[in-house]
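As a plain string of letters, each chain reads:
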Amino acid sequence: MSEQLSVTVLGCDGSYPGPGGACSGYLLTCGETHVWLDAGSGTMSNLQKHISLEDLTAVVISHQHPDHWTDVEHLAVACKWVIERSGIPIFAPDGLRLLMRVGAAVDIFDWHTVGGGDQVEVGAMAISFSETDHVGTTLAARVDSGGRSIGYSADTGSGWHLSALGSGLHLALCEATFLADKEDTIPHLSARQAGQMARDAGVERLVITHLWPRLDRELARAEATASFGGDVTVAAIGDRYEA
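This write-up is about the structure you can find in this document. Everything quoted here is computed from the prediction, not taken from an experiment.

It is worth spelling out empty space enclosed by the protein at this point. Scanning all chains against the criterion turns up one cavity of 30 Å³ or more. Its boundaries defined by the atoms lining it, the largest cavity holds a volume of some 30 Å³. Considering the residues around the largest cavity, the lining is formed by Val 7, Leu 28, Leu 37, Ala 141, Val 143, Ile 150, Gly 151, Tyr 152 and Leu 173. Contributions of two or more residues to the lining of the largest cavity are made by strand 9 (139-145) and strand 10 (148-152). With three residues, strand 10 is the single largest residue contributor to the lining of the largest cavity. For the lining of the largest cavity, the class distribution of residues is eight nonpolar, one polar and no charged.

Summarising the element assignment, Trp 160 is placed in the loop between strand 10 and strand 11 (171-175). Residues Trp 160 and Met 125 lie 35 residues apart in sequence; the distance between their C-alpha atoms is 24 Å. Leave out the neighbours within four places in its chain, and Trp 160 touches Ser 130, Glu 131, Thr 132, Asp 133, Ala 140, Ser 153, Leu 165 and Met 197. In this structure the side chain of Trp 160 is engaged in a polar contact, spanning 2.9 Å, whose partner is the side chain of Ser 130.

Turning next to the pairing of strand 10. Along strand 10, four of the five residues are buried, which leaves the element largely enclosed by surrounding structure. Note: strand 9 against strand 10, five bridges, orientation antiparallel. Bridge assignment links Val 143 to a residue of strand 10, and that residue is Ile 150. Connecting the antiparallel pair strand 9 and strand 10 is a turn made up of two residues, with Gly 146 showing a positive phi of about 60 degrees.

Our next topic: the sheet that holds strand 3 (residues 33-39). Taken together, seven strands build an open sheet; the order of strands is 6-5-4-3-2-1-14 and the sheet is mixed. What marks the edges here is a single partner per strand, and that holds for strand 6 (110-113) and strand 14 (240-242). Mean inter-strand twist for the sheet, computed between neighbouring axes without regard to direction, equals 20 degrees. Note: strand 1 (residues 6-11) against strand 2 (residues 25-30), five bridges, orientation antiparallel. Its bridge partner lying in strand 2, Thr 8 is registered against Leu 27. In this fold helix 2 (residues 71-81) packs onto strand 3 and strand 4 (58-60), with an angle of close to 130 degrees to the strand it touches most, strand 3.

What counts, and at which threshold
Residues numbered from 1 in each chain as written. Predicted model: local features only at pLDDT ≥ 70, side-chain atom pairs only at ≥ 80, totals over all residues. Heavy atoms only, no water. 1 Å grid on protein atoms, 1.4 Å probe; cavity = no way out; pocket = protein on both sides within 12 Å on 5 of 7 lines; lining within 4 Å. Points joined across faces, edges and corners; volume = space filled by probe spheres on them. Helix = DSSP H or I, 4+ residues; strand = E, 2+ residues; numbered from the N terminus. Nonpolar A, V, L, I, M, F, W, Y, C, P; charged D, E, K, R; others polar. Contact = heavy atoms within 4.5 Å. Polar contact = N/O pair within 3.5 Å; in protein donor to acceptor, adjacent residues only side chain to side chain. Buried < 20%, exposed > 50% of the residue type's maximum accessible area, 1.4 Å probe, protein only. Pairing = 2+ DSSP bridges. Axes fitted to C-alpha atoms, helices over the stretch in contact; angles between N-to-C directions.

Right under this line is the structure:
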C-alpha cells in the first residue's frame with residue numbers, strides 16, 4: 001500500500017445531502033493508517049467502499065452540527081452489535097459524546113476531547129486543530145505525514161483563515177457553501193472567499209467542498225478559480241487526492 005498521504009471524498013454536500021449525495025466526510029490514508037474525518041450522513045456507506053470497518057484507525061469530528069457527525073452513531077451500533085470491535089479513538093470537541101443516542105453502544109469508543117491548539121498523533125499522521133469562525137466549537141484540521149500536508153477548513157465564516165493551520169499546505173479542502181452574493185449572511189464561506197483565502201495562505205492545490213446541493217458547481221469553480229489564481233477542483237464523492 002502506498003505511504004503517500006491522501007484523502008478520499010466520502011461526502012461533500014453542505015448542510016444537508018442532495019439527491020444521491022452525502023454530507024461532509026473524508027477518508028485520510030497513509031500506509032496502514034486510515035482516519036475518518038467528519039462523519040456526516042451517508043458517509044459510512046461510502047467509507048466501506050474503500051476500507052473495512054475493522055481497518056479504521058480513528059475518527060475525527062470537527063463539530064456538533066449533524067451534517068458532520070451523525071454517522072458515528074451507525075459506527076457505534078456496528079461495532080457494538082455486529083463486528084464486535086471496541087476502542088476506536090474518537091477525537092471531537094467537548095460534548096459530542098452526550099449527543100449520542102445509541103445507549104450502551106456509546107461506550108464502545110475511546111473518546112478524546114480536542115480543542116483549538118491541540119495536536120494528536122494517529123498512526124502515521126500528526127493532526128493539529130484550529131478553532132474556526134462558526135456556530136459552536138468548530139475545529140479545522142491540519143494533517144501531516146511523510147513530509148506532506150493537508151488542510152481542512154471544516155465550517156467557518158470569514159473571521160478565520162486557512163493560514164491559522166500553518167504554512168506549506170500542499171492541499172487544502174476548503175468549504176465554499178455558496179457564491180459571493182451571500183457572503184457574510186451566515187458563518188460560511190463563498191467560493192470566492194475560499195479561493196482568496198487559499199491564495200493568501202500559499203496553498204499549492206485547492207479543493208472546494210461543502211457546497212449547498214443546489215449550487216451550480218461550475219459557477220462555484222469559476223468563482224474560486226478567479227480568486228485563487230489557479231486551477232480549482234470541486235469535490236465529488238469517490239475522488240481521491242494525494243497531498
